[in-house]
Amino acid sequence: MPTGEHRTETSRVGTRPAPATGTPAKKPSGKRLDIQGLRAIAVGVVVLNHLLDWPHGGFVGVDVFFVISGYLITGRLLRTAGTKSVGQYFYTFYKLRARRILPAGLLVIGLTIVAAQLVFGGVRAHNVLVDGGWAAIFLANWHFASAGTNYFEAGDGESPLQHYWSLSVEEQFYVVWPVLVLLAVILLQRRFAAHGLSDRTRDLTVGAMAVVLSLAGFAYSLHQTAAEPTAAYFSTLSRSWELGAGAALACFLPHVRKIPRGWAEVLSVAGVAIIAVAVFITPSTNGFPGPWAAPAVLGSALVIAAGSIGTAHVRNVLLTNRASTFLGDISYSVYLVHFPLVVIMGVLLPQDDLFRWLAVLGGTVGLSTLIFYFVEEPFRDFRTGIHPDLRNKFFYGAAPVLMAMCLTVPILVRPIPPGVDSKTFLALGEAQAEVDRKLANGDDSSTVQLQSALLDSVQATSWPNDLDPAIGDAPRADRIAPVFPSSCNEVDEALTPEQCTSGADDAEHSAVLIGDSITMWLATAFEDLHASGDPLVDDWKVTDLGTSGCSFSSNVSQVRGFSRADRAGCQSRVSDALDYIEQTQPDLVLMTINLRKDKRIPFVTSTLKALSADSKVVFVMPPPMTGNPAECYTSLSEPADCATTVKKDWKKYRAKMRDELPEFGGTVLDTKDLFCIADQCPAFVATTPTKADGLHPLASYVDYMQGAFSELIDKRGTLDLS
């Protein structure tokens, strides 16, 4: 977060000089231009990463901010510790922090909550209100860490306030660090009471403390990143070493021997280059923040050091040009504003194209400039209120504001794209003709009725008023509502298979469901057939052994979970499932899993091949993805915004499974026609939403299409053992 104080050391550092005119020179701003430029790079790559998902390591900009913050804040603490009473020390520090952080931070939280109530629906709008509360009390990081490790909460839409986690990390760090600095200085003053405490002794001692704490924090970061990567990403303890690195710089740099300006400039450019490399090579999945945040931290440290130990002004044009320093000035507001715009514009402008990019960038620059001049600056200099030269500052910022307005205009004149292309239009026409022909011939099967309803929903231009359940009115875990206890699919639960079985205990035939959380809808479908007395399943009992968030393989060592901490639990669950299958030798094994990547297919085929010796094996294709209702359903959206076309990857995976399974007697059950028609997949059918999150079918929709499901498995001979 770009929240370090703007006014910093000025000696030997590039600061904007006073004008050489006949008028009195203005008071120097005290800003280190190279640090302002460093802020600009940091916030720039963060914004691009969130908006374009490029560069893929742009999130390391936050790590750059941590180093800057640790450096600037510790410098302020060293200058005041021991010179004031304890009460004055803390009062002055937190008063300045409050003026710096709260006005703009709370304003953006409030505006985002209001926008969420207007744009989002149901639970997502409520979740933003809750997120705002956690962000306002600087506990957002722990709140989002908890949500990030909960599989079912993760699908309820990205929070526009999620980026406040980094601000929470900073403020939690600054609850502890000022206390440690003051204690160290007080102890040193007592130790050197006779001769007086020198600045050098004070700085080097506090610096040594910062180094020790940073090394401990880095070691913990390595451990937690390996064990719980989501928690590590948001954890103050896993990030403390980055702020500590900046703190150590503030302590040691004033006592480092100066180097020629040329060498300092080389050092500065090298730091920027390291950050640039980090932006492109840092992985987003493994090893972050420990150890992969280290390159960005190192690059930031080199830039800061270069500006501190050079014998003359460092001229790094990448950092000290007018554009970079202006962006650095407004970087805090840019950081606050950009992510709510990214998320909300993603709903208002669902197509990821130039129009959305311009709207987000234009809105970010314009709003940030206004917040900087009318909120940040006046509150920072609270005693004088609004600056006497605010008009000049406003007009200085008028160009970016006008540019923002111009960039946002395309939203208002953007052409509305057609609902479907010509190929899809013809395919829907053919599907409609086929359904009409079947109905005219007296075919009133559940399958034909479902196809007719799917066609109506695909071509709908408005949302039904009586959707049941209403989209977004309940958390995803409740909306899926499996017929068995939800813990049947949880990694850390130990329910017996009998507790997760539908059908009569003495049924002649048995089937087992294996895979990930997608097995829940199949378990619900079979329970519905049993409950309705469908003769197709009279002689069958079905046991759900799927596990949410776990891959499935007959080679248990290959099983993975969401995190390394989940792996042991996943492997245990899969091992128990395989043991149960070996002991009971069911007539049928149905496997389904989210085929997100090609590499999962060998696990599926090898597992089914291993089980095919004693049981009939069938792979049930997961439903094609639709839009996540929590994200695409809003007061301003249309059904087409949530509908999707069956992806090429899904068809590729289906073709591979159809090619490989027959080699050992396996078959593929294609469920696409239960959710889509003419390769178009709507978010609702009749008055029933189809998915909870784009992937998992709702229990209510499974109830709705149970007749078509029965006809499908009957037609495909899924339960035929002959």
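It should be noted that the structure appears before, not after, this text.
Summarised in this report is the structure supplied together with it. Along each chain, residue indices are assigned from 1 in the same order as the chain's sequence is written. Reporting of local features is limited, given that this is a predicted model, to residues whose pLDDT is at least 70; pairs of side-chain atoms are given and counted only at 80 or more, and all residues count toward the totals for whole chains, interfaces and linings. Only hydrogens and water are removed before side-chain values are computed, so all heavy atoms of the structure are retained for them.

**Overview of a nonpolar patch on the surface**
Only residues whose relative accessible area exceeds 30% and that form no salt bridge enter a patch; like-charged residues are grouped when within 9 Å of one another, and nonpolar side chains (Val, Leu, Ile, Met, Phe, Trp, Tyr) when within 5 Å. Under the convention used here, a 1.4 Å probe and the Shrake-Rupley method define accessible areas, while residue burial counts only the protein chains that appear. A carboxyl oxygen of Asp or Glu within 4 Å of a side-chain nitrogen of Lys or Arg is what we treat as a salt bridge. Taken together, the side chains of Leu52, Trp54, Val277, Phe280, Ile281 and Trp292 present a nonpolar region at the surface, about 550 Å² in accessible area. Judged by its relative accessible area of 46%, Val277 is partly exposed. Note on classification: 1.4 Å probe, protein chains only; a residue is buried when its accessible area is under 20% of the maximum for its type, exposed when over 50%, partly exposed between these limits.

**Re the packing of aromatic side chains**
Working definition: an aromatic ring pair is given by the centre-to-centre distance plus the angle between the planes. By convention, a stacked pair of Phe, Tyr or Trp rings (six-membered ring in the case of Trp) has centres within 6.5 Å and planes under 30 degrees apart, an edge-to-face pair has planes over 60 apart, and any other such pair is tilted. As enumerated under the stated definition, the model contains 22 aromatic pairs in all. Plain terms: the ring middles of Phe65 and Tyr335 are 6.3 Å apart, the flat faces sit at 80 degrees to each other, and that makes the pair edge-to-face. Here Tyr335 lies in helix α14 (residues 331-348) and Phe65 lies in helix α2 (residues 61-80), a separation of 270 residues in the sequence. Overall, the relative accessible area of 1% leaves Phe65 in the buried class. Centroid distance Phe66 to Trp165: 6.2 Å. Interplanar angle 80 degrees. Geometry classified as edge-to-face. Residue Phe66 is located in helix α2, and its partner Trp165 is located in helix α6 (residues 165-191); the two are separated by 99 residues in the primary sequence. Counted as over-ring charges are cases with an Arg CZ or a Lys NZ within 6 Å of the ring centre that also lie within 35 degrees of the ring normal. One Lys or Arg, Arg124, reaches over the ring of Phe120 and ends 4.1 Å from the middle of that ring. Lying over the aromatic face of Phe192, Arg191 brings its terminal NZ or CZ to 5.1 Å of the ring centre. Secondary structure elements are taken from DSSP: a helix is a run of H or I of four residues or more, a strand is a run of E of two residues or more, and numbering for both begins at the N terminus.

**As for the sheet that holds strand β1 (residues 501-502)**
Pairing within the open sheet is mixed, and its six strands lie in the order β1-β3-β2-β4-β5-β7. In the strand order of this sheet, the two ends are held by β1 and β7 (667-669), each with one partner. A pair of strands is considered paired only if DSSP assigns at least 2 bridges between the two. Taken together, the four bridges between strand β4 (residues 588-592) and strand β5 (residues 616-620) define a ladder with parallel strand orientation. Residue pairing in the sheet places Val589 in a bridge with Val617 of β5.

**Side note on the pattern of salt bridges**
A side chain of one charge can pair with a side chain of the opposite charge if their charged atoms are brought near each other. Going through the model one piece at a time under the given rule, you end up with 20 salt bridges. A salt bridge links Glu376 to Arg380; the shortest N-O distance between them is 3.3 Å. Taken together, the positions of Glu376 and Arg380, both in helix α15 (residues 354-380) and four residues apart, correspond to about one turn of that helix. Classification of Glu376 as buried rests on a relative accessible area of 3%. Given the relative accessible area of 10%, Arg380 is considered buried. The closest approach of N and O atoms between Asp649 and Lys652, which form a salt bridge, is 3.8 Å.

**With respect to α15**
Given a helix with a known number of residues, its expected span is that number minus one, times 1.5 Å. Here α15 contains 27 residues, and its C-alpha end-to-end distance of 36 Å stays within 8% of the 39 Å for a straight helix at 1.5 Å per residue. The reported bend at a residue is simply the angle between two axes, fitted to the 7 residues ending at it and to the 7 residues beginning with it. Its axis deflected by about 40 degrees at Phe372, α15 carries its strongest bend there.

**With respect to the packing of helix α1 (residues 33-52) against α15**
Helix axes are fitted only over the stretch in contact, all axes being lines through C-alpha atoms; the angle between N-to-C directions runs from 0 to 180 degrees. Between α1 and α15, the shortest axis-to-axis distance is 11 Å and the interhelical angle comes to 145 degrees. With respect to the hand of their crossing, α1 and α15 are arranged in right-handed fashion. Between α1 and α15, the residues in contact are Val47, Leu51 and Leu52 and Trp357, Val360 and Leu361, respectively. Following the grouping adopted for this structure description, the nonpolar residues are Ala, Val, Leu, Ile, Met, Phe, Trp, Tyr, Cys and Pro, the charged ones are Asp, Glu, Lys and Arg, and the polar ones are all others, Gly among them. Classifying every residue of the contact of α1 with α15 gives six nonpolar, no polar and no charged. By definition, any crossing whose near helix is turned counterclockwise from its far helix by less than a right angle is left-handed, and any crossing with a clockwise turn is right-handed. Any two residues whose heavy atoms approach within 4.5 Å are treated as being in contact.

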